[in-house]
Structure formats: structure tokens, C-alpha cells
Amino acid sequence: MINYLIDGNAPLLAFVGILFAFALTCLMTTKCIDLLPRDMGRDFAVDGKLSAGKPRGAGIIFILVFTASALLFSDINLEIFIYLAMVVVEMLTGYLDDASDKPWGEYKKGLMDLLVAIITAVTFVKFNGSTIELATLGISATLPPVVFCILAVILVWVSINVTNCSDGVDGLSGTLTIITLVTIYVVGQLKNMDKGFAYTILLFVVCILGYLWYNAAPSILMMGDAGSRAMGMFIAIAIMKTGSPVLYLLVAIVMILDGGLGLVKVFLLRFLKIHILKKTRTPLHDHVRKVKGWSNTQTVFRFSIIQIVVSVATVYLLLLRL
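These figures come from a predicted structure and were not determined experimentally.

A. Highlighting the overall build of the protein chain. Of the regular secondary structure elements, the protein chain holds 13 helices and two strands. On C-alpha atoms alone, the protein chain measures out to a radius of gyration of 19 Å, which is about the 20 Å that the 2.2 N^0.38 rule sets for 322 residues. A buried classification covers 51% of the 322 residues belonging to the protein chain. Restricting to contacts in the protein chain with at least 6 residues of sequence separation, those with at least 24 account for 74%. For the protein chain, the accessible area works out to roughly 15200 Å², and carbon and sulfur atoms hold 70% of it. With 25 positive and 20 negative side-chain charges, the protein chain shows a spacing of 8 Å between the two charge centroids.

Here is the structure:
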């Protein structure tokens with residue numbers, strides 16, 4: 001880690017680290033784009049065939065750059081190192097799926113998610129305890145570690161999968177993730193989040209921005225599961241590090257509704273034979289484009305605006321509690 005090897009101005013090194021992460025993401029994307037697997041298009045998605053032939057799996061680039069930048073410029077301890085490893089594992093499982101001629105089955109990826117979630121939950125409890133706070137209400141409670149771990153596993157699994165399902169429009173999931181992470185960063189500053197981890201949030205954000213440079217409509221590449229699954233993983237870790245994991249319901253509400261409704265719909269139909277939302281396409285970004293006639297740009301902007309409004313309101317509620 002550079003900050004340990006060089007005696008100097010820590011804020012200056014942090015500034016350099018952020019520029020480094022963004023520039024390296026752009027450079028590596030330019031250099032490696034032709035090495036990425038190609039998308040085959042998706043019959044079930046609105047305009048899914050338009051993506052056929054585009055490079056996909058670009059998440060491997062910005063996640064590896066993020067990891068390298070965090071190791072170089074952030075204050076890394078064992079806890080954060082484990083989290084970085086879990087983010088990389090989620091990226092690799094997604095990338096292997098992206099690069100496979102035959103997509104991985106749901107249960108295979110689900111098992112990997114479960115293992116990663118368990119490791120993450122146990123790590124968090126070991127280093128942070130099992131106290132949670134309902135920040136907007138000013139209420140805190142200490143849960144039995146086993147109960148906390150079960151809830152943390154659910155949070156990680158949900159975050160990975162709703163983020164993955166919200167990826168389907170150029171720039172949408174990346175932009176929503178940035179808004180969510182910036183909100184979490186602000187919440188973390190209000191709640192005295194560990195500075196080393198807070199800085200990794202900023203590094204993650206600028207790496208996504210480097211990716212969005214190429215993914216803005218009309219995109220020339222896509223993040224694939226390699227990016228969306230890793231982003232969901234990091235969001236779950238970040239919200240737990242605020243000490244108020246329930247805030248996930250607010251800071252990621254648009255992704256939860258966009259990607260989560262489809263998961264609920266499939267679960268109820270497959271396992272309970274209950275059919276809901278018969279006239280609503282899922283993910284919701286497909287519904288508003290197909291049924292409401294929104295353009296891709298309108299979808300990204302309007303979904304982002306909704307999340308920004310909810311995030312601002314959430315931060316304001318927290319400020320009232322200080």
C-alpha cells in the first residue's frame with residue numbers, strides 16, 4: 001500500500017488514487033475490449049437482440065482495477081481484504097458465466113452466492129459485532145450473532161441478484177449503483193464510517209464511471225454478470241458497514257423494485273403456483289420501455305431521478321436525527 005510505503009500527504013495520495021482508478025479503468029477497457037467474450041443477445045428482453053455481438057463481461061476490467069487501486073491506495077486491513085476477495089469471487093463467477101457458451105444454471109450461481117454471503121456475514125460479525133441501528137428512527141438493537149448472520153446472508157443474496165436483474169439498459173445499473181454508493185458514502189460520513197472503507201467506496205464509484213464512459217448509450221460494451229454481481233456484492237458490504245443495513249431498502253429502492261419484482265414473480269409462480277403482476281413485464285425497465293414507450297435514455301434518467309429523490313430524503317431524515 002503506497003500510503004504505508006511513502007511518507008507524504010495522505011489527502012494528496014487519496015486524490016492521486018482516485019485519478020489513477022478512473023484513468024486505469026479507461027486505459028484497460030480500451031486495451032482489452034477485443035479480448036472480451038461477445039454477447040449472443042437475449043430473446044426475452046426488450047431490444048435484447050440489439051446487443052448481439054457486443055463485448056460483454058467488462059466487469060472483469062473495472063473490478064480488477066478497483067481491487068488493485070484499493071490495495072495500492074486505501075488502508076487495507078484483514079476485514080477489508082476479505083471483502084475485496086469476495087467481490088472478486090462474485091466477479092469471476094459472473095465472468096465465467098459471461099464467457100461460457102452454455103449459461104450457468106441458477107442453482108450453480110445460487111450456491112456460489114450462498115457461500116460468498118456466509119463468508120461475508122461471518123467476517124462482518126467477527127470484526128463489527130451484531131448490533132444494527134434503524135437510523136431514521138434512532139433505534140438500535142443487538143441481535144444474536146446467528147440471527148444477524150442469517151439476515152446478512154439474505155441481504156447479500158438479494159443485493160447481488162436485484163442488481164444483476166436491473167442490468168439490461170445501457171448505463172442503468174451502473175448509474176443506479178453510483179447513486180446508491182454515493183448515498184451510502186454520505187451516510188457513512190454522518191455515522192463515522194471507517195475512513196479506509198469509505199475511501200474504497202469512492203474508488204469503486206470512479207471505476208464504474210470509467211466503465212460508463214464506454215457504456216453510455218449507444219454502448220460499445222456491457223458489464224455482464226461480471227460487473228453486476230460484483231456491484232451488488234459491494235453494495236451489500238457497504239450498507240452493512242454503515243451500521244444501518246435496513247437503509248438498503250431506501251438507498252437501493254429503484255434496483256429492488258426493478259430487479260426484485262421479477263425475482264418475486266418467478267419464485268411465486270415456480271414454487272407456489274401463484275401468478276402475480278400478469279400485466280407487468282419484469283424487470284420493470286422492460287415494462288416502461290415496451291408498455292409505456294420510454295426510450296432507453298428516459299428510462300435511465302427517470303429511474304435515476306427517483307433514486308436521487310429517495311436518497312436525498314433519506315439523508316435529510318438522518319440529519320434530523322443528529
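B. The arrangement of the packing of aromatic side chains in detail. Applying the stated criterion to the full structure yields eight aromatic pairs. Ring centres 4.7 Å apart and planes at 70° place the aromatic pair Phe66 and Phe204 in the edge-to-face group. Pair noted here: Phe66 is in helix α3 (residues 59-73) and Phe204 is in helix α8 (residues 195-215), with a separation of 138 residues, a long-range link. Each member of the pair, Phe66 together with Phe204, is buried. An aromatic cluster is present here, built from Phe66, Phe197, Phe204 and Phe234 joined pairwise through their rings. Here the guanidinium or amino end of Lys126 rests over the ring plane of Phe127, the centre of that ring lying 6.0 Å away. Over the aromatic face of Trp294 sits the side chain of Arg302, whose NZ or CZ is 4.8 Å from the ring centroid.

C. Molecular detail of unusual backbone geometry. Note the cis peptide between Ala217 and Pro218, where omega equals -5°. The residue Asn192 is not glycine, and still its phi comes out positive at about 60°. Within the secondary structure, Asn192 sits in the loop between α7 (172-190) and α8. A positive phi angle, close to 50°, is found at Leu277, a residue other than glycine. Among the secondary structure elements, Leu277 is positioned in the loop between α11 (253-272) and α12 (284-290).

D. Layout of the nonpolar core. Formed by 85 residues in total, the largest nonpolar core has its most connected members in Leu181, Ile184, Phe197 and Phe204. Per element, the largest residue contribution to this core is 13 residues, and it comes from α8. In contact with Leu181, not counting residues within four places along its chain, are Ile201, Phe204, Val205, Ile208, Phe234, Ile235 and Ala238.

E. Main features of the pairing of strand β1 (residues 131-134). For β1 and strand β2 (residues 139-142), the ladder comprises four bridges, and the chain directions are antiparallel. When the bridges of β2 are listed, Glu133 appears paired with Ser140. Linkage of β1 to β2, two consecutive antiparallel strands, is achieved through a turn of four residues, within which Gly138 is found at a positive phi near 70°.

F. Looking closely at the state of the cysteines. Overall, the coordinates contain zero disulfides when judged by the stated rule. A disulfide-free cysteine, Cys32 has its sulfur positioned 13 Å from the sulfur of Cys26, the nearest such atom. Cys207 takes part in no disulfide bond, and the closest cysteine sulfur, belonging to Cys26, lies 9.5 Å away. Its relative accessible area of 1% is what places Cys207 among the buried residues.

G. Broad picture of the pattern of salt bridges. Evaluated as defined, the whole model comprises nine salt bridges. A salt bridge links Asp225 to Lys109; the shortest N-O distance between them is 3.4 Å. Separated by 116 residues along the polypeptide, Asp225 in helix α9 (residues 224-241) and Lys109 in helix α5 (residues 106-128) bring together distant segments of the chain. With relative accessibility at 14%, the residue Asp225 sits in the buried group. Lys109 sits in the buried class, given a relative accessible area of 14%.

Thresholds applied
Residues numbered from 1 in each chain as written. Predicted model: local features only at pLDDT ≥ 70, side-chain atom pairs only at ≥ 80, totals over all residues. Heavy atoms only, no water. Helix = DSSP H or I, 4+ residues; strand = E, 2+ residues; numbered from the N terminus. Rg over C-alpha atoms; globule rule 2.2 N^0.38 Å. Buried < 20%, exposed > 50% of the residue type's maximum accessible area, 1.4 Å probe, protein only. Contact = heavy atoms within 4.5 Å. Areas by Shrake-Rupley, 256 points an atom, 1.4 Å probe, with all protein chains shown as cover. Lys, Arg positive; Asp, Glu negative; His and termini not counted. Charge placed at Lys NZ, Arg CZ, Asp CG, Glu CD. Phe/Tyr/Trp six-rings, centres within 6.5 Å; stacked < 30°, edge-to-face > 60°. Lys NZ or Arg CZ within 6 Å of the ring centre and 35° of its normal. Core = buried A, V, L, I, M, F, W, Y, C linked by side-chain atoms within 4.5 Å. Pairing = 2+ DSSP bridges. Disulfide = S-S within 2.5 Å. Salt bridge = Lys/Arg side-chain N within 4 Å of Asp/Glu carboxyl O.

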